[in-house]
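The chain contents come next:
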Amino acid sequence: MIFGFYTLGCKTNQYETQAMEKLLIRQGHEVVPFDHKCDCYVINTCSVTAVADKKNRAVIRRCRRDNLNAVIGVCGCYPQHDAPAVEALGVDVVGGSGQRQEFLDNLLRAAEEKIHLGAPDNALRRREFEILPPGGLQERTRAMLKVQDGCVNFCTYCIIPYTRGPVRSAPVDLVVEQAKELEAMGYQEIVVTGIEIASWGADLPGKPPMTQMLEAVCGSVPNLRIRLGSLEPRIITEEFCRIMSRYNNLCPQFHLSMQSGCDTVLQRMKRKYDTARYFESIRLLRQYFPGCAVTTDMIVAFPGETEEEFTQSLEFIQKCGFADMHIFPYSRRPGTPADKMPGQHCNETKERRSRQAIAIAEAMRLSFNESLIGTIQQVLFEEESDGFQTGHAPNYTRVYVQGAPMHNEIHSVRITKVFRDGVFGEIC
């Protein structure tokens, strides 16, 4: 059979889509781009916000309208959260955020028997880490390595603990085995990913620290760059920095989840740190990884956020001096405590505050990029863009150069100027 995949959402979803593609190929099926004619279409969804659900429905409806005779399967966090809503869109097979092989088996059965199948499990009852094959099918330079699933933080704005279930960690030997497998496939960089990777080990015997797994990965593939996914700020301790700074292949880019730069808003969000602890994490990273890029996420116009609280957040992000930021206006998510909080803001306020935060974030990004002028960066080249060869430095800044294609090659580049969404340089 011929399959096409469409993925929405996070890096973990992207990893799981690639894994499903590989499972189907192993069974003798063909995977083609989503806009090709297929026997079966798979839509892997995100449900982090109500806006994400709207995007999910649009993709599903369009796919159903354009492919009346094809089998359509939907998996991921959206059907895990609201399976009846997905079934109502004319989907043939409904999956969830786990049991991927069973979901694929149901797709094949539905195609053969012309039946509708599927009912997601109860995510909160999951206890085992689902082992999936690493790597993708296309010629990529960077691979994702999933080491953890689930979350138990229960932040007031987030539905993910309900759609992904409790923390499940991949054993160290499995992580190392898959890292070596990715190296053998020719990848130059591995992104360690999961739903909340800072909680890795919490469910394993002895509750090993995350550094145990990271040391094993960095040490097992010393010639590959290792990049970390989003981190909970409290994981950044002096011990973490002291241990991980020994590894030259750990990329000096750290995405520390923030959400707000105001302590009272963080309390309403039920985040487990305050701004003082957050800033201490940044201080430690910059002490042990000089010149590192610290990036973050920020939610503006959270319910009840006053102008004074918002101003405090803006002042805090400027104090932090982030290399890059993702700014999100708060989006109501039914089923979460924040959805019922008083002080919900109108779209006009959300848009205004977003613009203010984005302007500051852009200024900080420009400042960080300017600081790279004159430095030499080891750039992993990935693609050609408008006649330029582009790739990423270890700090994840996009780098442009002129020259012949260098796909999946790492070269020393001297940075000469700020350019487009990154910097421009010359091959040394």
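All of these numbers come straight from a predicted model, not from anything done at the bench.

Another aspect to go through is the pattern of salt bridges. The final tally for this structure, using the stated rule, is 27 salt bridges. Close ionic contact of glutamate 215 with arginine 246 constitutes a salt bridge, the shortest N to O distance being 3.8 Å. With glutamate 215 in helix α7 (residues 210-220) and arginine 246 in the loop between α8 (238-244) and β10 (253-255), the pair connects residues that are 31 residues apart, well separated along the chain. Judged by its relative accessible area of 23%, glutamate 215 is partly exposed. Judged by relative accessible area, which is 52%, arginine 246 ranks as exposed. Residue arginine 283 pairs with glutamate 280 through a salt bridge whose shortest N-O separation is 2.8 Å. In this pair, arginine 283 and glutamate 280 both sit in helix α10 (residues 275-288), three residues apart, roughly one turn of the helix.

The next subject is helix α6 (residues 172-185). For an α-helix the count is 3.6 residues per turn, leaving residues at separations of three or four pointing the same way. With 14 residues, α6 extends 20 Å between its outermost C-alpha atoms, agreeing within 8% with the 20 Å of an ideal straight helix rising 1.5 Å per residue. The set of residues buried in α6 consists of Leu174, Val175, Val176, Gln178, Ala179 and Leu182. As for α6, its buried residues are in contact with α1 (11-26), β6 (142-149), β8 (189-194) and α7. After α6 finishes, the residue glycine 186 shows a positive phi value of roughly 100°.

The subject of this paragraph is the packing of α6 against α7. For the pair α6 and α7, interaxial distance at closest approach is 9 Å and the crossing angle is 30°. Considering the angle they form, α6 stands roughly parallel to α7. Handedness of the crossing formed by α6 with α7: right-handed. Contacts between α6 and α7 involve Val172, Val175, Val176, Ala179, Lys180 and Glu183 from the former and Gln212, Met213, Ala216, Val217 and Ser220 from the latter. When the residues that make up the contact of α6 with α7 are grouped by side-chain class, the tally is seven nonpolar, two polar and two charged.

Strand direction decides the pairing type here: strand β13 (residues 376-385) and strand β16 (residues 410-419), joined by five bridges, are antiparallel. Bridge pairing in β16 places leucine 380 opposite isoleucine 410. Sheet analysis places β16 next to strand β17 (residues 422-427), joined by six bridges and oriented antiparallel. Looking at the pairing, phenylalanine 419 lines up with glycine 422 of β17. What sits between β16 and β17 in their antiparallel hairpin is a turn of two residues, with arginine 420 showing a positive phi close to 50°.

Parameters and conventions
- Residues numbered from 1 in each chain as written.
- Predicted model: local features only at pLDDT ≥ 70, side-chain atom pairs only at ≥ 80, totals over all residues.
- Heavy atoms only, no water.
- Salt bridge = Lys/Arg side-chain N within 4 Å of Asp/Glu carboxyl O.
- Helix = DSSP H or I, 4+ residues; strand = E, 2+ residues; numbered from the N terminus.
- Buried < 20%, exposed > 50% of the residue type's maximum accessible area, 1.4 Å probe, protein only.
- Expected span 1.5 Å × (residues − 1).
- Contact = heavy atoms within 4.5 Å.
- Axes fitted to C-alpha atoms, helices over the stretch in contact; angles between N-to-C directions.
- Parallel < 35°, antiparallel > 145°, perpendicular 65-115°, else oblique.
- Left-handed = near helix turned anticlockwise from the far one by under 90°.
- Nonpolar A, V, L, I, M, F, W, Y, C, P; charged D, E, K, R; others polar.
- Pairing = 2+ DSSP bridges.

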